[in-house]
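Descriptive analysis of the structure
In case you want the letters, here they are:
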Amino acid sequence: MSTMSALMKILEQKEHQFLEDTAGPDEVLAQAPESAPAAPTPSPRPANAPGLPGWAGRLTLVFYDAETCEKFPVHKFDHPWACWVCKFVLPPHAAAAGNRLASLKSQHSTDTVVLWPRPGLEGKARALSDAAELAALGVPAIGIADLPDGPVITMADQQKQIVQHALAGAIFRAYPLRAQGTAIAVLPSTAPPDLFATFKAMRALITRYVAFNSIELDAVAFWCLQTWVHGEFEVAPRLIFQSSDPRADSSRVLRVLSWLTPNPCLISHARASSLVSLIARERPTLLLDDRASAMCCHRDMRALLAAGAHRDGIAAAARGAQPGPTLTSCFAPLAAATSLVLPQEILTHAIVIPMSPPLMHDEVVRLSVAAPPPAALALRAEIHNGILKFLEGQHERVWPELSIAVTAREAWEPIFVLAKYMGLEAEEAAKNAANSLTVDQCRLTEGSDLKLLADVRLVLGGTIDKAVPSATIIGMLTFGSESYWRNCEHGKPLSPRSLAQKFARFGLRAATVRVSSSLTVRGFKGEDLLEAFARYLDDQNAGAIFRDQIKERYRKRSPEELEALDARGKEILNRAPLLDPPPGNVMDPCRNVTPV
């Protein structure tokens, strides 16, 4: 996969959103070096236009010689991010070009500039210098065409593709200030791409603003990197900063993350319907500041957060006056700071980091997070440079040796692939972070059914008899004055009836069990408990014991019983209508489908 196609694939969802809201056809201005530029009167920006990096507005192509400018087929350049495409020529002398650049900014009010440099290193250096001057003048996004070494590009399609590549990179790097003002242009990095060195620089930057231990710092930095390539994977892991105290650094860390993620959108209050339209329009990195528990307490918001973790997550948005809903994708990277304990459907594909108020003797430099520092903007360019290099290759997705659940592995897959690309040291850091932070997050919810099952496994230990009475389980759970289950039912201990109701979710049914030759009580079978531990708590030891018991049970059956079971299974399969082969004249709908 080439650099161009990889980047355009990531940004393909952003292209067709605002042309429907913009009146009038595209206008083209071809500027000769001798005459002054005369900009056409632009139509007003749509009311719902978010600004960069989701919408480029006016694109100006800057050339360094009139001949190349005349040969560029601007009338054929049709790009949905630009309302107008203008050509502009700079004089050969840098001193005279400075005034022309200021004129370009003041008269054209351009949103995005793409510089077409002269061939050679000197031409690229001149373009980079002019790009820095344009950035100082306040142009929101600036790109430099990456021309190949060799003869001058004359084919119209190749010229268009090179400009699209530079435009996509300019929009991708730009840091959007949103309501605070115009976006900040970030110039492309000229350093050789080294994603692991960039990863270490990200860790150093985050450490200056937020107190994390080494494991948490690795997880946060890896998560930031995977947001730039989340479109390449099937699952976008959620990063949850859990805190019960508003004085924690959870909101502060979201602002730091906005410096290191593509198209960040920091939101303090929103409804699910608003987020659906925002995701469809801008494809942002969502950063939800829910310290007051005003967003994640709603069921529709929790459903959106859970569905948005999957590439095929779909949300139905209202069309207004038009009949019927609009089906849009809600797949987007997301980090949230909340005081709520989120439900299992969100935590299944989440990385949860507990947050607490900082200590007075913490050595973290409490710098302001109101605006990104120059070091953060430089890191954005380095991340973009390294990600382009990463996307050029084909990367094998191999599961490392980890003792975590399958659903958790899906959430960590983008991080594992990136870490494997960066080298052994990064791969080891990703494994340590996954093993340390991936736990059953439902156990954090005191009183939940999974918490009860986990506590039962804890009190029973590794040895389980053939039958365990309910009274024995309740006695172990309620032992000690600090046990939650001692006062869980309005000041009263857990009852056998409540125990049976909670266990019913896991397929455990209370039955009459024999504990001695002369005594039978209500309880649960040991093999059923082992199966529940293995299936719902990912207990490998319980799973091994349960499989051994199943093998022993079948070993004791007679050959006649096993033959009868086999015959019964074949009879059921033969009667199943869905398993019959299709008629010969029915075409297989998947026969001509090309696998992705």
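Residues numbered from 1 in each chain as written. Predicted model: local features only at pLDDT ≥ 70, side-chain atom pairs only at ≥ 80, totals over all residues. Heavy atoms only, no water.

Attention now moves to the sheet that holds strand S6 (residues 238–242). As a general point, the strands of a sheet are linked pairwise by backbone hydrogen bonds and lie either parallel or antiparallel. Read across the open sheet, the five strands follow the order S7-S8-S11-S6-S12; overall the sheet is parallel. Edge positions in the sheet fall to strand S7 (264–267) and strand S12 (350–354), since each has one partner strand and no second. Taken pair by pair, the neighbouring strands of this sheet meet at an average axis angle of 15°, ignoring direction. Two elements, S7 and strand S8 (residues 285–290), share four bridges in a ladder whose sense is parallel. The residue bridging Ile 267 from the neighbouring strand is Leu 288, located in S8. Sitting on the sheet, helix H9 (residues 272–282) touches S7 and S8, and the angle it makes with S8 is about 155°. (Pairing = 2+ DSSP bridges. Helix = DSSP H or I, 4+ residues; strand = E, 2+ residues; numbered from the N terminus. Axes fitted to C-alpha atoms, helices over the stretch in contact; angles between N-to-C directions. Contact = heavy atoms within 4.5 Å.)

Within strand S11 (residues 334–338), five of the five residues are buried, which leaves it mostly tucked inside the rest of the structure. Residues Leu 334, Ala 336 and Thr 338 point to one face of S11 and Ala 335 and Ala 337 to the other, with burial holding for every one of them. As defined by bridge partners, S6 adjoins S11 across five bridges and the pair is classed as parallel. Residue Gln 242 lies in a different strand from S11, and its bridge partner there is Thr 338. (Buried < 20%, exposed > 50% of the residue type's maximum accessible area, 1.4 Å probe, protein only.)

Take the pattern of salt bridges next. Under the definition given, this model contains seven salt bridges. Linking Glu 234 and Arg 311 is a salt bridge whose minimum nitrogen-to-oxygen distance equals 3.5 Å. In this pair, Glu 234 sits in the loop between helix H7 (214–227) and S6 while Arg 311 sits in the loop between helix H10 (299–307) and strand S9 (314–318), placing the two residues 77 residues apart along the sequence. According to the relative accessible area criterion, Glu 234 is partly exposed, its value standing at 47%. For Glu 427, the salt bridge is made with Lys 420, and the minimal N-O distance between the two is 4.0 Å. A relative accessible area of 19% places Glu 427 in the buried class. (Salt bridge = Lys/Arg side-chain N within 4 Å of Asp/Glu carboxyl O.)

The subject of this paragraph is unusual backbone geometry. You will see that Asn 263, though not glycine, has its phi angle at about 50°, which is positive. The topology assignment puts Asn 263 in the loop between helix H8 (250–259) and S7. Phi angles above zero are rare outside glycine, and Arg 283 is one such case at about 50°. Tracing the backbone shows Arg 283 in the loop between H9 and S8.

We now examine the sheet that holds strand S14 (residues 511–516). The strand order across the open sheet built from three strands is S13-S15-S14, with neighbouring strands paired in antiparallel fashion. Taken across any chain shown, the strands that pair with only one partner, and hence form the sheet edges, are strand S13 (467–469) and S14. With strand direction ignored, the average angle separating the axes of adjacent strands in the sheet is 65°. With five bridges connecting them, S14 and strand S15 (residues 519–525) associate as antiparallel partners. Pairing of Ala 511 across the sheet is with Gly 523, part of S15.

Without other data, these values stay purely geometric and don't point to any function.
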